[in-house]
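Per-entry structural report
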Amino acid sequence: MAPDTLDLLPDMLSGSTEIIQRSLLSAAGQPLGPRASKFLLRHFRYTLSIIRGLWRKSRRALLAGAEATAFLQECGLAIGSIESYLYLLHKFEGTIQAQPQTAGRRQRLAELDAMAAEATRIRAAYQRWTSSFGRPMRDIDWQAVADADAAHARGEHRTATDFEAAQATEGNV
Amino acid sequence: MVVPRDEAYINNLPLSTLAKRLITKFISGAVGGVSDEFREHNRPKPGSPYFQMRLAFRDWWGDKQPHTVDFVVNDARVAMGVLEIVWVDYQ
């Protein structure tokens, strides 16, 4: 997917979850017919593919290094959306379980279980990132800050670009 | 701008070479390109000449664990296009 499409993933995820929610609400406790079940199952698959896409995008962001505040917001949104997805998935599973026992029903239930397991794994990854990257900052050593300010004032510094170039050419890391 | 003490700190972190380069890239890219709004929202105290910023990453080439690096940056000379890193803390 192109980068601009990747940016739309959170919106796509909430939109897709909303469609599922509306479809389940419109059934309002009535047994779902085969067409409605197929439609919803397709939509759950599609929504999981968006969750997967979002997770890959977040992994890539960590590969490049991400600003933590924005990244934590992304994690929070993803966790919320995945929780809605799992809630709806379990509701849908309940309606499938109410259907007569057939091979198709068993297959659908197995697929829903697998989808729930994958979404749960991805949610756990987001939760781990949230606790790792959201830990409090340690106390700032203001004496060290004052020393650095003095070094900057004396001109004992170089640009980040020069430091980066030195790392690459001098092989000092 | 980076002082030798902080360069040495970054170069000596127990991370892979590529992860250390990622930190330096973050300083020249993200820290250098930060918005006025972000700086104002991330000051330790209102009116302080410093703002804080955290880098989140996983060292895919080393221990594969999530890490953070906190920066405190003096932006008193931002009008001249100068941001000075004054504190770096790795967790």
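Residues numbered from 1 in each chain as written. Chains lettered and ligands numbered in written order. Predicted model: local features only at pLDDT ≥ 70, side-chain atom pairs only at ≥ 80, totals over all residues.

Some details on the overall build of chain B
- Scanning chain B from terminus to terminus reveals three helices and three strands.
- In chain B, the succession of helices and strands from N to C terminus is α-α-α-β-β-β.
- Its C-alpha radius of gyration of 13 Å places chain B within 12% of the 12 Å reference for a compact globule of 91 residues.
- With the C-alpha coordinates aligned to their principal axes, the bounding extent of chain B is approximately 40 × 25 × 20 Å.
- By the burial criterion, 37% of the 91 residues in chain B qualify as buried.
- Counting only contacts in chain B whose residues sit at least 6 apart along the sequence, the fraction spanning at least 24 positions is 42%. (Helix = DSSP H or I, 4+ residues; strand = E, 2+ residues; numbered from the N terminus. Rg over C-alpha atoms; globule rule 2.2 N^0.38 Å. Buried ≥ 20, exposed ≤ 12 C-beta atoms within 10 Å, placed from the backbone. Contact = placed C-beta atoms within 7 Å.)

A closer look at the packing of helix 3 (residues 34–64) of chain A against helix 5 (residues 103–133) of chain A
Residue and element names in this part refer to chain A.
- Where helix 3 contacts helix 5, the two axes come as close as 11 Å, and the packing angle between them is 20°. What the angle tells us is that helix 3 and helix 5 run roughly parallel. The crossing of helix 3 and helix 5 is left-handed. For the pair formed by helix 3 and helix 5, the contact residues are L41, F44, L48, I51 and W55 on the first element and R108, M115, E118, A119, I122 and A125 on the second. (Axes fitted to C-alpha atoms, helices over the stretch in contact; angles between N-to-C directions. Parallel < 35°, antiparallel > 145°, perpendicular 65-115°, else oblique. Left-handed = near helix turned anticlockwise from the far one by under 90°.)

Here we look at the sheet that holds strand 2 (residues 66–74) of chain B
- If you walk across this open sheet you meet the four strands as 1(A)-1(B)-2(B)-3(B), and the pairing is antiparallel. Of all the strands in the sheet, just strand 1 (66–67) of chain A together with strand 3 (84–90) of chain B have a single pairing partner and so form its edges.
- Running at roughly 145° to strand 3 of chain B, helix 6 (residues 142–153) of chain A makes contact with strand 2 and strand 3 of chain B of the sheet. (Pairing = 2+ DSSP bridges.)

Structural notes on helix 1 (residues 4–11) of chain B
Residues and elements named next belong to chain B.
- Along helix 1, the residues that are buried comprise D6, E7 and I10. Buried residues of helix 1, seen end-on, are gathered within an arc of 105° and therefore sit on one face of the element. Exposed positions of helix 1 whose direction lies more than 90 degrees from the buried face are P4 and A8. (Arc of directions from axis to C-beta.)

A few points about the pairing of strand 3 of chain B
All names here are of chain B.
- Burial analysis of strand 3 places five of its seven residues in the buried class, which makes it a mostly covered element.
- As defined by bridge partners, strand 2 adjoins strand 3 across six bridges and the pair is classed as antiparallel. Following the sheet pairing, F71 is matched in strand 3 by V88.

Quick notes on the nonpolar core
- Among the nonpolar cores identified, the biggest contains 53 residues, and A:I51, B:I23, B:F71, B:V73 and B:I85 are the most heavily contacted of them.
- Of the domains in this structure, domain 1 (3–133) and domain 2 (140–173) of chain A are the two that each give at least three residues to this core.
- Apart from the residues lying within four places of it in its own chain, the contact partners of B:I23 are B:I10, B:L55 and B:V69. (Core = buried A, V, L, I, M, F, W, Y, C linked by C-beta atoms within 7 Å. Domains from an automatic or database assignment.)

Re the domain arrangement of chain A
- You can read the domains of chain A as domain 1 (3–133) and domain 2 (140–173).
- Here the C-alpha centre of domain 2 of chain A lies 45 Å away from the C-alpha centre of domain 1 of chain A.

What to know about the interface of chain A and chain B
- Taken together, the 32 residues of chain A in the interface contact 38 residues of chain B.
- Taken together, the elements giving at least two residues each to the side of chain A that touches chain B come down to helix 3, strand 1, helix 4 (68–97), helix 5, helix 6 and helix 7 (160–170) of chain A.
- Of all the elements, helix 6 of chain A adds the most residues to the side of chain A that touches chain B, at six residues.
- Pairing analysis gives two bridges linking strand 1 of chain A to strand 1 (residues 50–58) of chain B, with the strands arranged antiparallel. Across the sheet, the residue bridging to A:A66 is B:A56, located in strand 1 of chain B.

A few points about the confidence of the model for chain B
- Per-residue pLDDT for chain B averages 91, and the proportion of residues at 70 or more is 100%.
- Among the scores for the predicted complex, ipTM is 0.89 and pTM is 0.83. (pLDDT = per-residue confidence, 0-100.)

Section: the packing of helix 4 of chain A against helix 5 of chain A
Residue and element names in this part refer to chain A.
- Two elements in contact, helix 4 and helix 5, have axes whose closest approach is 9 Å; the angle formed by their N-to-C orientations is 160°. Relative to helix 5, helix 4 is oriented roughly antiparallel. Crossing of helix 4 against helix 5: the hand is left-handed.
- Of the residues that constitute the contact of helix 4 with helix 5, the class distribution is 21 nonpolar, four polar and four charged. (Nonpolar A, V, L, I, M, F, W, Y, C, P; charged D, E, K, R; others polar.)

Remarks on unusual backbone geometry
All names here are of chain B.
- Of note, the phi angle at K64 is positive, near 60°, even though the residue is not glycine.
- On the secondary structure map, K64 appears in the loop between strand 1 and strand 2.
- Given 9 C-beta atoms within 10 Å, K64 falls into the exposed group.

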